[in-house]
Structures are given as structure tokens and as C-alpha cells.
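For reference, the chains in residue letters:
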Amino acid sequence: MSLFDRFRARLDERAAQDLSRTRRLAGSPTAPRQRVDGRELLLFCSNDYLGLADHPELIAALQEGAARWGVGAGASHLISGHSEAHEALEAELGAWARDCIPEARALTLCTGYMANLALLTGLADREDAELFSERLNHASLIDGARLARARKSIYADLDQLEAQLRASTAATKLIVTDAVFSMDGHLAPLRELLALAECFDALLLVDDAHGFGVLGPRGRGSLAHCGLRSERLVWMGTLGKAAGVAGAFIAAHPTLIEWLLQTSRPTIFTTASPPALAHALLKSLALIEGEEGERRRAQLELLRDQLATGLAPLAATRGWQLPASDTPIQPLIVGENAAALALSGQLEAAGLRVPAIRPPTVPAGTARLRITLCADHRSEDLNALMLALSAFEPFQGG
Ligand code: PMP
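- If you check an unreviewed UniProt entry, the chain appears there as 8-amino-7-oxononanoate synthase from Inhella inkyongensis.
- Of the chain, the UniProt comment under Sequence similarities (unreviewed entry) reads exactly: "Belongs to the class-II pyridoxal-phosphate-dependent aminotransferase family. BioF subfamily."

In C-alpha cells, the structure reads:
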């Protein structure tokens with residue numbers, strides 16, 4: 001077999017297991033309606049939870065930022081790419097973080113994926129450290145753990161974590177968790193995790209990609225939502241979901257942030273994100289914590305209740321699982337890959353885009369529709385989703 005044939009054979013194997021994925025062509029801004037491959041669809045799959053990605057004030061701020069700073073940073077933060085706009089954004093995020101982490105300082109990065117690599121490779125860089133990672137953590141945390149030099153333990157629940165912490169002889173212990181599990185929508189037991197971190201002298205690293213902007217007073221995220229306060233907390237959040245732009249941040253005790261700034265390769269060896277994005281993000285933070293953010297979060301709550309109530313009888317009669325969610329992420333677990341694809345295909349025929357999520361993103365046998373809500377959805381949009389789901393003809397297999 002030639003080099004290319006070997007890759008072709010592996011692609012064919014994936015296709016045979018219903019694991020091939022396709023990129024669809026977006027012809028307009030994101031949620032809740034988008035032109036996809038030339039046709040307007042109602043989306044239930046965007047992470048633009050607050051509907052800010054095409055907000056006129058953010059578009060204006062990005063244009064203003066580009067006029068002032070140009071479109072590229074030109075170099076990494078440590079060379080010449082760290083602008084006043086980045087500095088102002090980090091100062092504002094640091095102030096947000098100090099609700100939960102005394103004296104916190106924040107560092108911005110180009111993406112959440114990179115932030116998690118930076119965090120884990122940076123803080124777990126020695127063999128005398130140990131990472132305790134929740135089984136359902138996002139791929140970027142898994143990849144960060146793989147790259148880190150520290151020992152690794154995976155935990156499924158608090159009891160297992162406690163046993164692992166008790167048995168550990170590591171000098172530095174780091175508990176790592178998603179705040180909101182991205183494919184399930186429920187919150188991690190953050191209060192209990194922090195209690196364990198305190199008991200075993202560990203740090204608690206929390207990826208708040210899906211809680212930032214959505215949960216907590218003024219949208220300040222999952223730590224604030226749970227009323228936590230400790231210098232053991234390390235808070236990571238993404239800025240391309242509820243914040244509607246792009247990028248990510250890490251906020252923590254100033255010594256940890258200085259350590260990451262000095263040593264962490266994913267922050268040192270990459271071009272800084274365009275300063276115009278930082279400029280727009282400052283506007284986004286103002287919208288999130290202001291009246292507009294409050295109104296949008298209230299609308300999300302209403303939609304979430306309507307969705308859960310409407311889906312329950314449908315799921316019960318069709319044998320789908322509907323796990324309880326704390327957020328605008330609602331999974332509908334169908335089981336087999338082919339069944340999830342068929343359901344997603346039928347919804348699309350009815351003008352609704354809810355992609356099937358399959359392994360390795362979720363465990364085998366739990367393929368699902370991951371329904372996400374946006375504050376710009378209307379009650380009628382949810383009715384349309386419910387109607388299309390109730391018309392579903394069960395997949396016959398084969
Ligand atoms: N963490 C979690 C939990 C996520 O869901 C994602 C994005 N899907 C990321 C990190 C990565 O963030 P970004 O898209 O900014 O790279």
C-alpha cells in the first residue's frame with residue numbers, strides 16, 4: 001500500500017463507522033439564523049450563547065480597534081506584540097477574577113485550546129507534580145495533560161479523586177476540571193472540589209469556557225455562580241463563546257501568572273492576537289456585565305426552561321436520554337452514531353441545524369444531539385424544534 005493509500009484506508013474505516021465529518025459553509029454571521037451552504041437554517045449549535053457575535057456595538061468596536069491598532073499584532077507578547085489594548089483587557093479580566101481569587105492577575109491568549117495547553121504544560125511541568133483530571137474534560141485539557149511532564153490520574157467522581165489525592169506523594173497537586181461539561185451541560189461539583197483542594201494542598205484549575213458570561217452575577221462565570229473564593233483557584237475562560245469574539249484568558253494568583261508568562265511555551269512562541277480583538281473584547285465585557293447582558297441571560301433562562309419542559313415527553317416516548325442541564329447546553333442522547341446522524345439529517349431537512357456529536361467527542365454508544373440556545377432565539381424557534389423532533393421517524397438501522 002502506498003503512503004496515501006494507507007491514509008485513504010483509515011479514512012474509509014472512519015466513514016464505515018459513521019465517523020466522517022463535514023465542514024459546512026457559513027454564508028452569514030452566527031446564531032440563531034445562518035446561511036449554511038446557501039440555505040438559511042435555524043441554528044441550535046452555536047456557542048454564541050448571548051448572541052453578541054454580530055452585535056452592532058462589537059462590530060463598531062472591532063472597526064475602531066482596527067483603525068487604531070491595525071489588523072495584526074506583528075509579534076509575540078514578549079517581543080513587541082503586547083499592546084495597551086491587551087493590557088487593558090487583562091486588567092479588566094483580572095478585576096473580574098478578584099471576585100473569587102484574591103489578588104488575581106489575568107493573562108490573555110489566542111485561543112482556549114492554547115490556554116489549556118499553556119496552563120497544564122506550564123504548571124505541571126515537572127515529574128514531581130501530579131494532575132488529577134476529570135474523565136469528561138474537554139479535549140484541550142486532555143491534550144494539555146498529555147504534553148505536561150507531570151504524572152496523571154483520571155477521576156470519575158469525588159470519592160475516586162479523594163482516594164487518588166490521599167495516595168499521592170506529588171509535591172504539587174493540580175485538580176483539573178471543566179466548570180460546565182461541554183457535551184452534557186451540567187456543572188462540576190466546584191465547591192466540593194475546592195474543599196478537596198484545600199484539604200490536600202492542591203490547586204484547582206477550572207475551565208469555564210461555557211460558564212463565562214452566562215452564569216453567575218453579572219455573567220462573571222461559574223466560580224462566582226458557586227460563591228467560591230480562594231487563592232487556590234486558577235480560572236480559565238474562552239472569549240469566543242458567550243463573549244462573541246475570540247481568544248481566552250487565565251486568571252490566578254499573580255505568582256502563577258508571572259510563572260506562565262515567563263515559561264509557558266504556548267504564550268511565548270506565538271504571535272499575540274490582534275489588538276483590535278482585545279479592544280472589541282473590552283466592549284464585550286461591558287455588555288456582558290451591563291443591563292444588556294442581564295436581559296440576555298434572563299431570556300436564556302426562559303428558553304432553557306421551555307426547552308427542558310418541551311423535550312421531556314418527546315424523549316420519554318422515543319427512548320432518548322435527556323440529562324438535566326444547568327446551562328444553555330441540552331444534550332439529547334440517542335445512542336448509536338447512525339441514529340444520531342439520521343435525526344440530525346431529518347432536522348436539517350426541516351430547516352434546523354443541530355449536528356450529531358459522536359465519538360471521540362463523546363463516549364461510544366452515547367452519540368447525541370447537542371442542542372445549544374442563544375439569547376436571540378424566540379419561543380417560536382423552540383416550538384419549531386419540538387415540532388420537527390416530534391415528526392421524527394425512528395431510525396431502522398442497517
Ligand atoms: N475548553 C472547553 C470546555 C471548550 O468547549 C473549548 C471549545 N470548544 C475550549 C476549551 C477551546 O476554546 P477555543 O475554542 O477558544 O480554542
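That covers the picture; the talk isn't over yet.
### Some thoughts on the site of the ligand
Logical step 1: Neighbouring the ligand are 13 residues, the closest being Thr111, Gly112, Tyr113, His138 and Ala209.
Logical step 2: Each residue belonging to the shell around the ligand can be placed in one class, and the counts come to 3 nonpolar, 8 polar and 2 charged.

### Focus: the UniProt feature "modified residue: N6-(pyridoxal phosphate)lysine" (unreviewed entry) in the chain
Logical step 1: Mapped onto this numbering, the UniProt entry annotates "modified residue: N6-(pyridoxal phosphate)lysine" (unreviewed entry) at Lys241.
Logical step 2: Position of Lys241 relative to the elements: it lies in the loop between β8 (233–238) and β9 (248–252).
Logical step 3: Lys241 gets classed as buried once you count the C-beta atoms within 10 Å, which come to 27.
Logical step 4: Once residues lying within four places of it in the same chain are set aside, the contact partners of Lys241 are Asn47, Asp48, Tyr49, Ala209 and His210.

### Re unusual backbone geometry
Logical step 1: Of the consecutive residues Pro359 and Pro360, the connecting peptide bond is found in the cis state with omega at 10°.
Logical step 2: Inspection of the secondary structure assignment puts Pro360 in the loop between β12 (356–357) and β13 (367–372).
Logical step 3: The phi angle at Glu103 is positive, at roughly 65°, despite the residue not being glycine.
Logical step 4: The topology assignment puts Glu103 in the loop between α4 (84–97) and β3 (105–109).
Logical step 5: Accessibility expressed as a C-beta count within 10 Å gives 12 for Glu103, which makes it exposed.
Logical step 6: The backbone of Arg218 shows a phi angle near 55°, a positive value even though the residue is not glycine.
Logical step 7: Among the secondary structure elements, Arg218 is positioned in the loop between β7 (202–207) and α9 (222–225).
Logical step 8: Judged by local crowding, Arg218 falls into the partly exposed class, with 16 C-beta atoms found within 10 Å.

### Some remarks on the sheet that holds β12
Logical step 1: The 3 strands are arranged β10-β13-β12 in an open sheet whose pairing can be described as antiparallel. The outermost strands of the open sheet, each flanked by one partner alone, are β10 (329–335) and β12.
Logical step 2: In the sheet, β10 pairs with β13 via 6 bridges, with the strands oriented antiparallel. Each residue of the ladder has a partner; that of Ile329, found in β13, is Thr372.
Logical step 3: Here helix α13 (residues 291–318) sits on the sheet and contacts β10 and β13; the angle it forms with β10, its principal contact strand, is near 10°.
Logical step 4: Set on the sheet, helix α14 (residues 337–349) makes contact with β10, β12 and β13; between it and β13 the angle comes to about 35°.

### Observations regarding α13
Logical step 1: A rise of 1.5 Å per residue sets the reference length of α13, with its 28 residues, at 40 Å; its end C-alpha atoms lie 40 Å apart and thus fit the reference within 8%.
Logical step 2: The largest bend in α13 amounts to roughly 30° and is located at Leu311, with the proline Pro313 lying one to four residues further along.
Logical step 3: Taken residue by residue, α13 has Gly293, Arg296, Arg297, Leu300, Leu303 and Leu307 as its buried positions.
Logical step 4: The secondary structure elements touched by the buried residues of α13 are α12 (275–289), β10, β13 and α15 (379–390).

What counts and what doesn't
- Residues numbered from 1 in each chain as written.
- Predicted model: local features only at pLDDT ≥ 70, side-chain atom pairs only at ≥ 80, totals over all residues.
- UniProt positions renumbered as here; feature names shortened; annotations may be inferred.
- Near = placed C-beta within 6 Å.
- Nonpolar A, V, L, I, M, F, W, Y, C, P; charged D, E, K, R; others polar.
- Helix = DSSP H or I, 4+ residues; strand = E, 2+ residues; numbered from the N terminus.
- Buried ≥ 20, exposed ≤ 12 C-beta atoms within 10 Å, placed from the backbone.
- Contact = placed C-beta atoms within 7 Å.
- Pairing = 2+ DSSP bridges.
- Axes fitted to C-alpha atoms, helices over the stretch in contact; angles between N-to-C directions.
- Expected span 1.5 Å × (residues − 1).
- Bend = angle between axes of the 7 residues up to and from the residue.

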